[in-house]
Amino acid sequence: MVESTPTNPTLAIDVRGARYVYPTGNVVALGGVDLQVAHGEIIGIIGQNGSGKTTLTKLFNGLLKPTAGTVIVNGVDTAKHSVQQMAAHVGYVFQNPNHQLFARTVRMELEFGPRNIGVPEDEITERVDEVVEFFGLQEFIEEHPYRVSFPVRKLVGIASIVAMRPPIIIFDEPSTGQDHNTTHIINGLMRRLRERGTTVVCVSHDMPLLADVVERVIVMKSTEVIADASPREVFADQALMARTNLQAPQVTQIALQTVVPLGGPVALTPAELAADIAQRRGKSARRGRTSSVAG
Amino acid sequence: MPEPIITFDNVTFTYPGTEEPALRDISFSIMPGEYVAVLGLNGAGKTTMGLCVNGVVPTMLGGDLTGTVTVGGLTVSDYPVREMSKLVGMVFDNPEFQMSQMSAAEEVALGLENAGVAYEDMKRIIPETLELVGLAGFEERSPLGLSGGQQQRLAIAAVLAMAPQILIMDEPTSNLDPIGKQEVFDMAAKLNRDRGMTVIVIEHEVEVMARYADRVIVLDQGRIVMNGTPQEIFSRVDDLAALKLRVPEAAELATILGTDYGLWKGPIPITTEPAVAEISELLGAKNG
Amino acid sequence: MSMQAAMPIAMIPGNSIIHRINPLAKLVWVVGYVILAFSTQNIVILYSMALFALLLAPIAGVTKPLLKGALILVPVGSSLLALQIIAPAVERPWTAVDQIGPLVLYGDGVYYGFVLLGRIVASLLMALIMVMTTHPSDLFTSFAKLKVPYTLNFMLAMTLQLIPVFQREVGIIMSAQKSRGMKGTGFSAVLPSFVPVFVGAIERVQQLSISLESRGFGSDGIKTSYRQVRGRASDWVVGIVGAVVLITLSVVAITKGTWSLANEITFSPLFVLITFLIAATLFAGVILAAIAFSFKK
């Protein structure tokens, strides 16, 4: 029932001059945003609450329609399609899985989305089996979604979207309320989705998470996009970080104060910075190992 | 030698209707004025441990508790929660779930009203408490119209008004944006430093805890597996990794430099500044 | 930018004479209005009451929101009048006054229709004025003084507080399900949203109850109140005058068997026709607008 005739197949998301003003008044939630995301990109959106992040992502799946400008997602104009129609093109993983889950079993939960978008029954089974495998949910498949632990419930929430096989998936604050272990699993999932060709958009306050997975960061402040660059460029821009009250990951801050002035990389992970430091020490490190390394 | 303000003595607790204990043979004590960080995976027993301190476990939630929890010289299970609340203030991860009143002033007033504090005293205490959490002048604002950080500070003010000696915060910033997180942690640090309040924070933000905490307690499957200074605990990068917990990136960096490259032999830094100083020296040693 | 959840009817802050009247005195008027409105069928009294309430609006500075709130009367009032004209709620025989196609218009129900409308208009306007000029907390503090049990009072206040919260929560949940392609009709469509709302409510209540217990809720000692609601001499006057006037009129009305003027007032066929046309047009307009709106969504 969803006709997908991509008008610009090269872009996953094409936002031009998009504004959003609340219908109840003159509060501008988004003021003139331009954004192009190619298929297969993995991007992060950062900014304080109220900067317009959520408004922007809600434009992507048509939950909000732009009051001016256009939002074309997977070649489909969101203004001309309902949220239900957009569901086949873009998946939206809400922050709190409790807002989403309702079925009696995990399996039924996973079947819900694909059935809604008109996937044939035998293919639904196949898709569910695949996401169960992908997410490692085998032991929970007949459980009630509210009987499994909160981290597993989060994974079920993500899996229920992935089962719809949308070419674009939005993650809203995937690490909120989750421990490091679960965050780590979600990180890996986003990376694997991207490897399958899915376009991934991740809205988050969790800078180490973004440093770890995304290749492009959109910075928002006061309803506008104020920067759009690689994580390295964004985290290295100390004026930008100060202006938005955001903090680069600790290891990036250490890199900025040590190896970056010497021409080193804006490291995003401890391993990366360690490798650079070791390389700089190079032979001298090996020579110095007997003398005075730990001065 | 001052007495501990909180003592857990061989505490084991099982929730009603479950088989597996949520806490297993927990023993530790906390001195007045300590800032304690509690780490652990979801389901490790962190929240349950916090609820034992103000008596919600077992008084309100039932279940089977053995061992004793002593707070301020009182055996917790002998007193109703509202009695313990004069000693222990507790706030949770979702500030909005803790709001029940039409205005900020009334939110703060609720506990005082229940305790029968006179109107004249409330008129003094409420603005003082709001000022303490940086919400001076917010008296008439609706709690639901505040930002997340402001709501959480209001929730804290609502318990502070009752002048507790202990503040327990259960993942107080997990629903907040970076500005909100900063506001809450700055405020907790101020209460601890300036007022000598005992602060217990259940938290995943290890970089922040490395900076503020005097002590770190690590729980795993209901047991205390580590208990020491942040320096002692966060230096054990591999042990924490085995527990699937995060460590400050500074500590991880130094550990990699030590084990993989043989470049780190001194103490493991847990905050940014010493890491920068050490690495600068390390790099300088090559140049010089 | 915090999104203030919009309350359908909320207090309009102000410092007018009406705002400053003690909530209980205002409550006397609202209750008195309702009693009088439902004990009489005298349209002169009913519409005088409505007019009096309307006159209070500019004094309190709530005219615009009051009229906005009173919009709810358009579908209710128009359907009520139109119905009374085509199917009067009085004993047959009915006198036909006109005919539009298959519809026969009768004059007998018109008076009763205006009585029903007058009751609703008068009571609603007074109630709205009270709600719009009284801080809910002051009202609940006053209830507490009347020895309404603390827990009941708290529950009432809390319910009022939770309406906008739940509105927002339902909005998020509907969004989440629509994003999964949820179709919009029947019970099976409601279920995906109903379960999460229910689960969220339980979670909220659990945390709130712990949070409240931790603040001494449920202690049986003497409770004090931060909100001080004063009862001045003028409040007593307002309350007593209201009670005396409204109760007296009610008693008179009841002794006179509702004091109906149905036999004194007759309506010309033209008046009935015009009333019907206006009411029917308004009602149809509301229905069409509602349908158009739901389609647009």
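Everything here concerns the structure above.
Residues numbered from 1 in each chain as written. Chains lettered and ligands numbered in written order. Predicted model: local features only at pLDDT ≥ 70, side-chain atom pairs only at ≥ 80, totals over all residues. Heavy atoms only, no water.

### Details of the overall build of chain B
Convention followed: Strands are runs of DSSP state E lasting at least two residues, helices are runs of H or I lasting at least four, and both sets are numbered from the N terminus onward. Each radius of gyration reported is based on C-alpha atoms, and the globular scaling rule is 2.2 Å times the count of residues to the power 0.38. Only protein chains enter the area calculation, which uses a 1.4 Å probe; residues under 20% of their type maximum are buried, those over 50% are exposed, and those in between are partly exposed. Any pair of residues with heavy atoms lying within 4.5 Å of one another is described as a contacting pair. Working definition of accessibility: Shrake-Rupley area with a 1.4 Å probe, residue cover restricted to the visible protein chains. Residues scored as charged are limited to Lys and Arg (positive) and Asp and Glu (negative), so that His and the chain ends carry no count. For charged residues, the charge sits on one atom: NZ in Lys, CZ in Arg, CG in Asp, CD in Glu.
Helix and strand counts for chain B come out as twelve helices and ten strands. On C-alpha atoms alone, chain B measures out to a radius of gyration of 21 Å, which is about the 19 Å that the 2.2 N^0.38 rule sets for 288 residues. Across its three principal directions, the C-alpha atoms of chain B cover 70 × 45 × 40 Å. The burial tally for chain B puts 60% of its 288 residues in the buried class. When contacts within chain B are restricted to residue pairs at least 6 apart in sequence, those whose partners lie at least 24 apart make up 64%. Carbon and sulfur atoms make up 48% of the accessible area of chain B, which amounts to about 10,700 Å² in all. Each charge class in chain B was averaged separately, 20 positive and 40 negative side chains, and the resulting centres sit 3 Å apart.

### Topic: the interface of chain C and chain B
For clarity, the threshold we go by: A quick way to say it: buried area is the sum, across both parts, of accessible area lost when two parts are put together, with a 1.4 Å probe. When a carboxyl oxygen of Asp or Glu lies within 4 Å of a side-chain nitrogen of Lys or Arg, that pair is called a salt bridge. Here a polar contact is taken to be a pair of N or O atoms separated by no more than 3.5 Å, where protein atoms must pair a possible hydrogen donor with a possible acceptor and residues adjacent in sequence count only if both atoms sit in side chains.
On the chain B side, the residues contacting the 36 residues of chain C number 41 residues. Of the roughly 3,400 Å² buried between chain C and chain B, counting both surfaces, carbon and sulfur atoms make up 56%. In terms of surface lost to chain B, no three residues of chain C exceed Q161(C), R215(C) and Y226(C), which account for 26% of the buried area on that side. Connecting chain C to chain B are five salt bridges. For the interface between chain C and chain B, the tally reads 14 residue pairs in polar contact (both at pLDDT 80 or more). For the side of chain C that touches chain B, the secondary structure elements donating two or more residues are α7 (136-145), α8 (150-178) and α9 (186-213) of chain C.

### A few points about the sheet that holds strand β1 (residues 6-14) of chain B
Residue and element names in this part refer to chain B. Which entries qualify depends on this criterion: Paired strands, in this sense, are two strands between which DSSP finds at least two bridges. A fitted line through C-alpha atoms serves as each axis, taken over the contacting stretch for helices, and the angle formed by two N-to-C directions is quoted from 0 to 180°.
Within the open sheet, the four strands sit side by side as β2-β1-β4-β5. Their pairing is antiparallel. Each of the sheet's edge strands pairs with one partner strand only, and the pair in question is β2 (23-30) and β5 (74-75). Where β1 and β2 come together, five bridges link them in antiparallel fashion. In the strand pairing of β2, F8 is matched with F28. Those strands touched by helix α1 (residues 46-54) are β1, β2 and β4 (64-71), and its axis lies near 120° from that of β1.

### Observations regarding the pairing of strand β1 (residues 11-21) of chain A
All names here are of chain A. Among the eleven residues in β1, eight count as buried, and that is most of the element. Bridging between β1 and strand β2 (residues 28-38) involves seven bridges; their strand directions are antiparallel. By the bridge assignment for β2, A18 is matched with V33. Where β1 hands over to β2, the hairpin turn is made up of six residues, counted between the paired strands.

### Overview of the interface of chain C and chain A
With 20 residues of chain C at the interface, the matching set in chain A holds 28 residues. With both chains or domains summed, chain C and chain A bury close to 2,100 Å², and 63% of this area falls on carbon and sulfur atoms. In this assembly, chain C and chain A are joined by one salt bridge. Among the salt bridges present, the one from R180(C) reaches E109(A), with a minimum N-O distance of 3.0 Å. Of all the elements in the fold, those that place two or more residues in the side of chain C that touches chain A are α8 and α9 of chain C. With seven residues, the top contributor of residues to the side of chain C that touches chain A is α8(C).

### Section: the nonpolar core
To be explicit about the condition: Only buried residues count toward a nonpolar core, which is a set of Ala, Val, Leu, Ile, Met, Phe, Trp, Tyr and Cys residues joined through side-chain atoms within 4.5 Å.
In terms of nonpolar packing, the biggest core is built from 81 residues, with L273(A), Y35(B), I126(B), I156(B), M169(B) and V218(B) touching the most fellow members. With sequence-adjacent residues up to four places away left out, L273(A) is seen in contact with V251(A), I254(A), A255(A), V259(A), A267(A) and L253(B).

### As for the pattern of salt bridges
All names here are of chain A. Summed over the entire model, instances satisfying the criterion amount to 32 salt bridges over all chains. Of the charged contacts in the structure, one is a salt bridge between R115 and E121, with a shortest N-O distance of 2.9 Å. Overlapping salt bridges bring together E123, R127, E130, R165 and R196 as one network.

### Overview of the side chain of Q151(B)
Residues and elements named next belong to chain B. Topologically, Q151 is positioned in helix α6 (residues 148-160). Its relative accessible area of 5% is what places Q151 among the buried residues. With near-sequence residues (within four places) excluded, Q151 lies in contact with P95, E96, M99, P143, L144 and L146.

### Here we look at the pairing of strand β7 (residues 168-172) of chain A
Residue and element names in this part refer to chain A. Of all the five residues making up β7, five are buried; the element is thus mostly covered by neighbouring parts of the structure. Of the two faces of β7, the one lined by I168, I170 and D172 and the one lined by I169 and F171 are each fully buried. Bridge count for strand β6 (residues 90-93) against β7 is four bridges, and the pairing is parallel. By the bridge assignment for β7, V90 is matched with I168. Inspection of the sheet shows β7 paired to strand β8 (residues 199-203) by five bridges, in the parallel sense.

### Re the sheet that holds β6(A)
The strands that make up a sheet pair up through hydrogen bonds in the backbone, lying either parallel or antiparallel. All names here are of chain A. Taking strand neighbours across the sheet as the criterion, the six strands line up as β6-β7-β8-β3-β9-β10 in an open arrangement whose pairing is mixed. The sheet terminates laterally at β6 and β10 (224-229), the two strands that pair on one side only. Ignoring strand direction, the axes of neighbouring strands in this sheet form an average angle of 20°. Sheet topology note: the strand β9 (residues 216-221)/β10 ladder contains five bridges and is antiparallel. Looking at the pairing, M220 lines up with V225 of β10. Where helix α6 (residues 180-195) meets the sheet, it contacts β3 (42-46), β7 and β8, and its direction lies at approximately 150° from that of β8.

### Digging into the packing of α7(C) against α8(C)
All names here are of chain C. Note the cut-off: For classification purposes, angles smaller than 35 degrees are called roughly parallel, those larger than 145 roughly antiparallel, those between 65 and 115 roughly perpendicular, and all remaining angles oblique. Less than a right angle of anticlockwise turn of the near helix away from the far helix marks a crossing as left-handed, whereas a clockwise turn marks it as right-handed. Only Asp, Glu, Lys and Arg are considered charged, only Ala, Val, Leu, Ile, Met, Phe, Trp, Tyr, Cys and Pro nonpolar, and every remaining residue, Gly among them, polar.
The geometry of α7 relative to α8 is characterised by a closest axis approach of 10 Å and an angle of 165° between their N-to-C directions. In terms of orientation, α7 lies roughly antiparallel with respect to α8. For α7 against α8, the interelement crossing comes out right-handed. When α7 is examined against α8, the residues P136, F140, F143 and A144 are found in contact with a partner set consisting of N153, L156, A157 and L160. Taken together, the residues of the contact of α7 with α8 sort by class into seven nonpolar, one polar and no charged.

### Digging into the environment of D220(C)
All names here are of chain C. The residue D220 is located in the loop between α9 and α10 (233-255) in this model. D220 sits in the exposed class, given a relative accessible area of 70%. Separated by 42 residues in the primary sequence, D220 and K178 have C-alpha atoms spaced 47 Å apart.

### Some points on the packing of aromatic side chains
The relative placement of two aromatic rings is captured by the distance of their centres and the angle of their planes. Worth spelling out the cut-off: Two aromatic rings from Phe, Tyr or Trp, using only the six-membered ring of Trp, form a pair when their centres are within 6.5 Å; if the ring planes differ by under 30 degrees the pair is stacked, by over 60 it is edge-to-face, and anything between is tilted. Remark: a charge is flagged as sitting over a ring if the NZ atom of Lys or the CZ atom of Arg is within 6 Å of the ring centre and within 35 degrees of the ring normal.
With the rule as written, the count across this model stands at 17 aromatic pairs over all chains. Note on Y35(B) and Y212(B): the rings are 6.2 Å apart at their centroids and 20° apart in plane angle, and the pair reads as stacked. Residue Y35(B) is located in strand β3 (residues 35-39), and its partner Y212(B) is located in helix α8 (residues 206-212); the two are separated by 177 residues in the primary sequence. For the pair Y35(B) and Y212(B), one class covers both residues: buried. Of the aromatic side chains, those joined through ring pairs into one cluster are W29(C), Y33(C) and F52(C). For the cation-ring pair, R192(A) lies above F134(A), with the distance from its terminal atom to the ring centre recorded as 4.0 Å.

### Quick notes on the environment of V69(B)
Secondary-structure assignment places V69(B) in strand β4. Residues V69(B) and L160(B), spaced 91 residues apart in sequence, show a C-alpha to C-alpha distance of 22 Å.

### A short note on unusual backbone geometry
At the junction of V57(B) and P58(B), the peptide bond is cis and its omega measures out at 0° in the coordinates. Position of P58(B) among the secondary structure elements: in helix α2 (residues 56-60). The residue N74(A) is not glycine, and still its phi comes out positive at about 55°. Note on placement: N74(A) falls in the loop between β4 (68-73) and β5 (76-77). Positive phi, close to 70°, is recorded for T258(C), a residue that is not glycine. Inspection of the secondary structure puts T258(C) in the loop between α10 and α11 (269-296).

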